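As a plain string of letters, each chain reads:
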Amino acid sequence: MSYAAFKMVHEPTGVENCASGYITHSFSDTPAPPALSSEDMEGEWFTKKNKELLAPIPNLVITKANVLEVYIVRVHEDNKRPALDATAPKRGSTMAGLCGAWFELACHYRLHENVESMAILSPGHDGGRRKRDAIILSFRDAKISVLEFDDSIHGLRTSSLHYFEGPDWQHLKRGREKFARGPLVQSDPLGRCSGVLIYDSQMIILKAAQAGYGLVGDDEASGSGGTVSVHIESSYIVNVHDLDMKHVKDFTFIHGYIEPVMVILHEREPTWAGRLAWKHHTCTISALSISMTLKQHPLIWSAPKLPHDAYKLLAVPFPIGGVLVICANSLHYHSQSVSCALALNDFAMTTEGSSEMPRSNIDVELDSAHATWISSDVALFSTKTGNLLLLSLVYDGRTVQRLELSKSKASSLASCISTVGDAFFFLGSRLGDSLLVQFSCGLASSSSISRSVKDEAGEVEAETPAAKRLRRASSDISQDVVSGEELSLYNSTPNNSDSSQQKAFSFAVRDSLVNVGPLKDFTSGLRSNADLNATGVAKQSNYELVGCSGHGKNGSLCVLQQSIRPEQITEVELAGCKGIWTVYHKGSRSHASESAKLVPDEDEYHAYLIISLQSRTMVLETADTLGEVTESVDYFVDGCTISAGNLFGRRRVVQVYARGVRILDGGYMTQELCIEVPNADASSGSDNAVVSTVSIVDPYVLLKMTDGSIQLIVGDPATCTVAINSATISPSFADPIAACSLYHDKGPDPWLRKTSTDAWLSTGAADDLEVTDGSPQDQGDIYCVICRESGRLDLFEVPSFRCVFSIDKFTSGKNILVDTYLPDLPSDAQRTVKEETSEGDKQESGQNMKVIEIAMQKWSGQYGRPFLFGILSDGTILCYHAYFYEGQDNMVKMEGGSMVENAVNSISTSRLRNLRFTRVFLDSLTREEAEAGASGQRIVNFSNIGGYQGAFLAGTRPAWLMVCRERLRLHPQLCDGPIVAFTPLHNINCNHGFIYYTAQGFLKICQLPSLNYDNDWPVKKIPLRGTPHQITYFAEKNLYALIVSFPVSRPVSQVLPSLVDQDNNHLTEGDNIISEDAHKSYAVDEFEVRILEPAKSGSQWEARASVPLQTSENAISVRIVTLLNTSTKENETLLAIGTAYVQGEDVAARGRIILASIKQDSNNSDNWVNEVYSKELKGAISSLASLQGHLLIAAGSKIILHQWNGEELNGFAFYDAPHYVVSLNIVKKFILFGDIHKSIYFLNWKEEGAQLSLLAKDFGSLNCYATEFLIDGTTLSLVVSDDQKNIQIFYYAPKSMESWKGQKLLPRAEFHVGAHVSKFLRLQMLPTSLSDRTNRYALLCGTLDGSIGCVAPLDELTFRRLQTLQRKLVDVVPHVAGLNPRAFRRFRSNGNAHRPGPDNIVDCELLRYYEMLPLDDQLEIAHQIGTTRSQILINLNDLNVGTSFL
């Protein structure tokens, strides 16, 4: 393997930065209330309290490594009205008028760099509330991007870039090359400026623009309602070193000053642990007044002699002002006039000559804590143990008198925290799931506080409860995402202050974002519903990824599945099935309709299953059992059924066949309609025209005939009859219809109606019409989407067939779709390509492209926006998401002036002029060419399968498209091969399940496995209540062995005696320490190895056994090894555990190797593990592996090969490693190991001389994280990851001159991943259309931020083609935040000497943008690099297919 591709198959999930701000809307934007009747307006719902609930909630902006996401927080008011959004998660009960809140994704980007820090620049309170906030992002080493939300593209755009790298800015580094952290960003609370600390010594001041300043006419207001975002006008540099501030730790802007005031926390002379007795108060805060006009920054006040462990500043909000200095053992408040402090534990030290610090009534350590303000005088802290603390500032006027700290709750281990509006805060976590928590504040007297603990058990919910146990209700959005302990909020300890009344807070978790990181280790194992007889691709989907995730109480096993394997209930062999449909039936009798009202629509059972075969139709009842009733019903059964569905509020069933339509009441036909083609011309052969495709939306049925004409059948709800509508579109022979579909814009306030130019006229009017019309319960508008063979797409109102929206060249796949009556977008939003592209390419792909299926659907209730899907003849699937954009009167700016504007306005007065569509990524969706004559519907919508909604995509490589938080999650289903037909099924035996028919001739009834599908891969988390470290899979018994540690509190008297030097038998410290502190406890980690059995269908994971370890013994490595017993000459499969005794730096390192057999004891069924051997060795046993029947052990700096004789291990070969072995990999007789500092070594095992010989090594210095072999046919490569987030590929070439006669491993490729790769897993690639080689393996890379990458080998021709394309895309694709993908993937050495290696890895993160380009751009780029579009797409598709491992 000389070439490879890197692909991110699972995005990062660990949240590193979070902030809230008004990004998609401004503070003055009040959300429109839901459609209300006059009684509601006069009722108590529209009270002052509920008006406050309608106040705009700011957006939440989060970053996960290189992923940037902006969320909208939606709330559900408890107003005794029906739920506004039936799909919204309901967590817990009502608090402060809200009974639910959830996240909705506004925009999502993968950046070409990891975000180091983030701040929100707000316009402040002085008249700038119509402005929106801006997002400031910083990247290593000194890059700053300012982003704003652009309504015209419904996404973020870059407003300014600030770059302080390269030769021109080299002097800013002051001679240094290594920096512990990247740039740090903070913003002024009034939005006047921002500060960015770069290179630990330079402060960049970003001055915000004043009113009237903007880019590209922004002063005219580019957004809806005239809103613009804050901009940066200029920047300049302040050298902090010149101000005598060394070692800057943190800085912030504080409130209450006319000019911006920056407070800097710095350390003049650093101290260290050995000097703390003499030098401990070394930190200082200095307040600088920032005059941006004069570029001066005088010192206005300072506070010296702060503790050495001060690390963070927190600005106190108005009206108190000042700053809070957070130290590990104390808290300090400082302002220009007053100061006060609070000691948190016994380690807090007072300065000489000062009075004793007040002591907190709780002992706590605040290192690694994160804080935010939940009111003007109460701060919420999240500690390193996951506890929430409340800090109250007791003040008089603006003078803070004292600080009071109290325990509150327990939650996730947070990595960041931010308040979102006045009622929510967000806990972002890298180690557990991130939580959206609602809080409510009230006053509680001392008597009510004592009652609150008693009320806790009964879940008493008053207006102002003192504390409330956080309860997680079941939600269809995230099942089993977070362990109960993460969400449980323990009893609150109220403030013991002297005041008779104090603030009391209650909390409720409303939503959570799943996190699978940090992935320390993972392995692949068999799924519980695996098919052991499967072969090929279906066999690969038998396996799942089981990873060690989280830390401490957030520790869990993450079960990840790349594809969906349904839980099968039953299957039937059936030949020649063309389509399947399930239909409902509500009886027409009055008592039946009354009882039906008691059952929600989504809980109503299906009545019939209709199966269309080659020449007949089968009908089955979907009662307790599927019984065939074909002969006893009036369905059309003598031929194929084209489609079936429900009309008239599920009171009737409509069945469409080739030449007619039947309306049935249950099994009885009430009407039959023959379809005749109007204006039939005998010479044209239209007599033979029959129904081709059907779209059913109550009360309409749209028929597309084989001659390209369409007919609309309209139902009358009053009589439950149908008739053909005369007002249809006349067929155009020049441009026939290629595909058509109906779209139901559901809800009392239809979404598309808002985008109409006369929306203010139609709002509310249609509701009254529909009630008198007798239309179905589901109010809303119905549209017809028609796509012609020329690529033109039109949206018509039904039944009038008046065109309200048109798109030219829909097949070209533009990024933004606008009405053709509107002007095109500016060049920066959508590139326009010259039409003079090469004619050969145009004929090859451009002209022959047509739409073969179109669909439009809206799912998520009140706030949902419609999705538009189009399947093209070459297999491309276009997906668009609608959005609302009201431009500057949307007038066409062209020559001709008002004449043109008036003409356009007269044409489009009632068009959906404010409707636009933005293209949506469909990652990992493989393409398939349309088969000639295939007319089956591929896109099948569903509203509730396993609690999820979305669409199923049938075909040769089927997939699920699930809508979660207004985001499409794509999950392939590969276990059954091609799927011909699909339909939902809900009955008593298959609750919210589905039926599908495979190309192999099997009809399968299934349910979705209980996983969380709101993730890149479906995931299930199994809580462990401890930290998982390493996992291995025992395939013979289908068991997992897992190393788990958990903290245990022990008295100091038990901890210190373990720190004994066993050779000298003396205590490391004197006995007086034990006598003084014997009453104190100390938390130590205890380790054990658990044997887990995976869940069988419908059950939970169970711990079968555990291997306890000795005191101070840590398990480091666990492996299932196969050893050759030299006595019996038989192979034995054993569990090998490598441990280390952690007893301090004064005790020589020792370890222990344990061998155990795993089998169920016949005498004791609970006993699964029997220890067969253990032995102590010098050095920690860090890695284990089996080598041709022998056990290879890395003990300390030695690698020793042992023989097993059934009773003991005997070492008979060894190799001396430089420092410490972090990983061992074996292929045949070759050994690869990584050293913690000295890179990788490649060894060979020679059985003849019983020796481990060095073949070659990397002579450079590299801090290894993980290693693995990469196999491509007969080529063996060596892969290593390091501490700078790089991966390198080496190869062994003894005949090359550069290898120093074979001593040196030669670099084959190097690549910056952007995440610490902690584990490589080698998996066999699947054969593709271009390569059927079976001995080809790719590597899955597990990382510490929750992402999963893939390194896959490529042949040279494919690599050269994709590398040339990659270089072209660097310039063609507009990159968010102005980042350069080539710079991102360059090897990072952090100042160490490094010789650049070959660039032999292509970046699929950049290549994925090729398919998102417009068709003309794709053709032009392919022509420029000397290939064809189809060839590029085949290569990208093969890479997707080959890496569909799990």
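Residues numbered from 1 in each chain as written. Predicted model: local features only at pLDDT ≥ 70, side-chain atom pairs only at ≥ 80, totals over all residues. Heavy atoms only, no water.

Enquirer: Sorry if this is basic, but what is going on with the overall build of the chain here?
Expert: The secondary structure content of the chain amounts to 18 helices and 88 strands. Counting only residues that meet the buried cut, the chain has 58% of its 1446 residues in that class. Partitioning the intrachain contacts of the chain with sequence separation of at least 6 by distance along the chain shows that 62% fall at a separation of at least 24. Total accessible area computed for the chain in this model is approximately 58,800 Å², and 49% of it derives from carbon and sulfur atoms. (Helix = DSSP H or I, 4+ residues; strand = E, 2+ residues; numbered from the N terminus. Buried < 20%, exposed > 50% of the residue type's maximum accessible area, 1.4 Å probe, protein only. Contact = heavy atoms within 4.5 Å. Areas by Shrake-Rupley, 256 points an atom, 1.4 Å probe, with all protein chains shown as cover.)

Enquirer: What's the story with helix α18 (residues 1429-1442) in this structure? I'm lost.
Expert: In an α-helix there are 3.6 residues to a turn, and that puts residues three or four apart on one side. End to end, α18 covers 20 Å across 14 residues, agreeing with the expected 20 Å (1.5 Å per residue, within 8%). Burial runs high along α18: 11 of the 14 residues are buried. Every buried residue of α18 is listed here: Arg-1429, Ile-1432, Leu-1433, Asn-1435, Leu-1436, Asn-1437, Asp-1438, Leu-1439, Asn-1440, Val-1441 and Gly-1442. (Expected span 1.5 Å × (residues − 1).)

Enquirer: Sorry, what's going on with the environment of Phe-1445 here?
Expert: Within the element layout of this structure, Phe-1445 appears in the segment after α18. As for Phe-1445 and Ala-1338, which are separated by 107 residues in sequence, their C-alpha atoms are 9.4 Å apart. Setting aside chain neighbours within four positions, we find Phe-1445 in contact with Gln-540, Ser-541, Gln-562, Leu-1323, Gln-1324, Met-1325, Ala-1338, Leu-1340 and Cys-1350.

Enquirer: Sorry if this is basic, but what is going on with the side chain of Gln-202 here?
Expert: Looking at the element boundaries, Gln-202 is found in strand β12 (residues 202-208). Overall, the relative accessible area of 2% leaves Gln-202 in the buried class. Polar contacts involving the side chain of Gln-202 include one to the main-chain carbonyl oxygen of Leu-172, which spans 3.4 Å. (Polar contact = N/O pair within 3.5 Å; in protein donor to acceptor, adjacent residues only side chain to side chain.)

Enquirer: Any chance you could explain the packing of aromatic side chains here in plain terms?
Expert: To describe a pair of aromatic rings, one takes the distance between the centres and the angle between the planes. Under the criterion given, the structure shown has 41 aromatic pairs. Ring geometry for Tyr-71 against Phe-103: centres 5.2 Å apart, planes inclined by 45 degrees, an arrangement best described as tilted. Placement of Tyr-71 in strand β4 (residues 67-77) and of Phe-103 in strand β5 (residues 98-110) is noted, with a sequence separation of 32 residues between them. Overall, the relative accessible area of 0% leaves Phe-103 in the buried class. Each residue in the set Phe-942, Phe-952, Trp-960, Phe-982, Phe-994 and Tyr-996 is aromatic and connected to the rest through ring pairs, giving one cluster. (Phe/Tyr/Trp six-rings, centres within 6.5 Å; stacked < 30°, edge-to-face > 60°.)

Enquirer: Which parts of the structure should I look at to understand the sheet that holds strand β32 (residues 556-560)?
Expert: As a general point, the strands of a sheet are linked pairwise by backbone hydrogen bonds and lie either parallel or antiparallel. Strand order in the open sheet formed by four strands is β30-β31-β32-β62, and the pairing between neighbours is antiparallel. The open sheet is flanked by β30 (521-526) and β62 (1019-1023), the only strands paired with a single partner. Mean inter-strand twist for the sheet, computed between neighbouring axes without regard to direction, equals 25 degrees. Here strand β31 (residues 543-549) runs beside β32; their pairing, made up of five bridges, is antiparallel. Bridge pairing links Cys-548 to Leu-557 in β32. (Pairing = 2+ DSSP bridges. Axes fitted to C-alpha atoms, helices over the stretch in contact; angles between N-to-C directions.)

Enquirer: Any chance you could explain the packing of helix α14 (residues 1356-1372) against α18 here in plain terms?
Expert: A pair of packed helices is captured by two measures, namely the crossing angle of their axes and the spacing between those axes. Contact geometry for α14 and α18: axes closest at 11 Å, N-to-C directions at 110 degrees. Considered as vectors, α14 and α18 are oriented roughly perpendicular to each other. Contact with α14, carried on its side by Thr-1358, Arg-1361, Leu-1362 and Leu-1365, involves Gln-1431, Ile-1432, Asn-1435 and Leu-1436 of α18 and no other residues of that element. Residues belonging to the contact of α14 with α18 are distributed by class as follows: four nonpolar, three polar and one charged. (Parallel < 35°, antiparallel > 145°, perpendicular 65-115°, else oblique. Nonpolar A, V, L, I, M, F, W, Y, C, P; charged D, E, K, R; others polar.)

Enquirer: Sorry, what's going on with the pattern of salt bridges here?
Expert: A pair can form between side chains of opposite charge whenever their charged atoms are brought close. Taken as a whole, this structure holds 54 salt bridges when the rule is applied. A salt bridge links Arg-1152 to Glu-1113, with the shortest nitrogen-to-oxygen separation between them at 2.8 Å. Of this pair, Arg-1152 sits in strand β71 (residues 1150-1158) while Glu-1113 sits in strand β69 (residues 1113-1125), placing them 39 residues apart in sequence. Both residues of the pair, Arg-1152 and Glu-1113, count as buried. One salt bridge in this structure joins Asp-1216 and Lys-1198, with 2.7 Å as the shortest N-O distance. Placement of Asp-1216 in strand β76 (residues 1209-1216) and of Lys-1198 in strand β75 (residues 1198-1204) is noted, with a sequence separation of 18 residues between them. Assessed through its relative accessible area of 34%, Lys-1198 is described here as partly exposed. (Salt bridge = Lys/Arg side-chain N within 4 Å of Asp/Glu carboxyl O.)

Enquirer: Where do I start with the nonpolar core in this structure?
Expert: If you look at soluble globular proteins, the nonpolar side chains tend to sit buried side by side. Grouped together as the largest cluster of nonpolar side chains are 43 residues, with contacts concentrated most on Leu-545, Leu-1340, Leu-1369 and Tyr-1410. By size, the runner-up hydrophobic cluster in this structure holds 28 residues, among which are Trp-751, Tyr-783, Cys-787 and Leu-817. (Core = buried A, V, L, I, M, F, W, Y, C linked by side-chain atoms within 4.5 Å.)

Enquirer: When you look at the confidence of the model for the chain in this model, what are you seeing that I'm missing?
Expert: Low pLDDT means the predicted coordinates in that region are not meant to be read closely. When pLDDT is averaged along the chain, the result is 83, and 82% of the positions lie at 70 or above. Of all the helices and strands in the chain, helix α3 (residues 446-457) carries the lowest mean pLDDT, 34, while strand β10 (residues 184-187) carries the highest, 97. In this model residues 32-53 is a low-confidence stretch, pLDDT under 50, and it forms 28 contacts with partners more than four residues away in sequence or in other chains. This model gives residues 822-843 a pLDDT under 50, and the stretch forms 31 contacts once residues within four places in sequence are excluded. (pLDDT = per-residue confidence, 0-100.)

Enquirer: What am I meant to see in the environment of Thr-271 here?
Expert: Note on placement: Thr-271 falls in the loop between β15 (261-267) and β16 (283-289). On the accessibility criterion, Thr-271 (17% relative accessible area) is buried. Considered as a pair, Thr-271 and Thr-282 are 11 residues apart in the sequence and their alpha carbons are 7.3 Å apart. Apart from the residues within four sequence positions on either side, Thr-271 is in contact with Leu-276, Lys-279, Thr-282 and His-308.

Enquirer: Before we go on, may I ask you to explain the side chain of Asn-1400 in this structure?
Expert: Locating Asn-1400 in the fold gives a position in the loop between α15 (1381-1384) and β88 (1401-1403). Only 3.0 Å separates the side chain of Asn-1400 from the backbone oxygen of Arg-1308, close enough to count as a polar contact. Leaving out residues up to four positions away in the same chain, Asn-1400 has contacts with Ser-2, Tyr-3, Ala-4, Arg-1308, Ala-1309 and Phe-1359.

Enquirer: Explanation requested: unusual backbone geometry in the structure shown.
Expert: Residues apart from glycine generally show negative phi values, whereas peptide bonds are mostly found in trans. A cis amide bond, omega 10 degrees, links Phe-318 with the succeeding residue Pro-319. Relative to the elements of secondary structure, Pro-319 occurs in the loop between β18 (310-315) and β19 (323-327). With an omega of 10 degrees, the peptide bond running from Val-798 to Pro-799 counts as cis. In this structure, Pro-799 sits in the loop between β48 (793-797) and β49 (803-807). We note that Arg-1025 has phi near 60 degrees; this positive angle belongs to a residue other than glycine. Positionally, Arg-1025 belongs in the loop between β62 and β63 (1027-1034). By relative accessible area, which is 41% here, Arg-1025 ends up partly exposed.

Enquirer: I keep staring at helix α17 (residues 1415-1424) and nothing clicks. Help me out?
Expert: Most of α17 is tucked away: seven of the 10 residues are buried. Of the residues flanking the end of α17, it is Gly-1426, one or two places downstream, whose phi is positive at about 80 degrees.

Enquirer: So what exactly am I meant to see when it comes to the sheet that holds strand β41 (residues 668-674) here?
Expert: Ordered by their spatial adjacency, four strands build an open sheet running β38-β39-β40-β41, and the pairing between neighbours is antiparallel. Looking at which strands have only one partner, the edges of the open sheet turn out to be β38 (641-647) and β41. Direction aside, the axes of adjacent strands within the sheet are offset by 20 degrees on average.

Enquirer: Please explain the environment of Pro-1009 as it appears in this structure.
Expert: By the secondary structure assignment, Pro-1009 is in the loop between β61 (1002-1007) and β62. Given a relative accessible area of 10%, Pro-1009 falls into the buried group. In this structure, the C-alpha to C-alpha distance between Pro-1009 and Arg-565, residues 444 residues apart in sequence, is 7.7 Å. The residues contacting Pro-1009, other than those within four sequence positions of it, are Arg-565, Pro-566 and Glu-567.

Enquirer: Before we go on, may I ask you to explain the pairing of strand β8 (residues 143-150) in this structure?
Expert: Each regular strand carries side chains that alternate between the two faces of the sheet. Burial runs high along β8: eight of the eight residues are buried. Where burial is concerned, the two faces of β8 agree: the one with Lys-143, Ser-145, Leu-147 and Phe-149 and the one with Ile-144, Val-146, Glu-148 and Asp-150 are both buried. Where strand β7 (residues 134-139) lies against β8, five bridges are found, and the strand directions are antiparallel. When the bridges of β8 are listed, Ser-138 appears paired with Ile-144. Relative to strand β9 (residues 155-163), β8 runs antiparallel, the two sharing eight bridges. Following the sheet pairing, Val-146 is matched in β9 by Ser-160. In textbook terms, the turn of a hairpin is the stretch between consecutive antiparallel strands, and for β8 and β9 this stretch comprises four residues, one of which, His-154, has a positive phi near 55 degrees.

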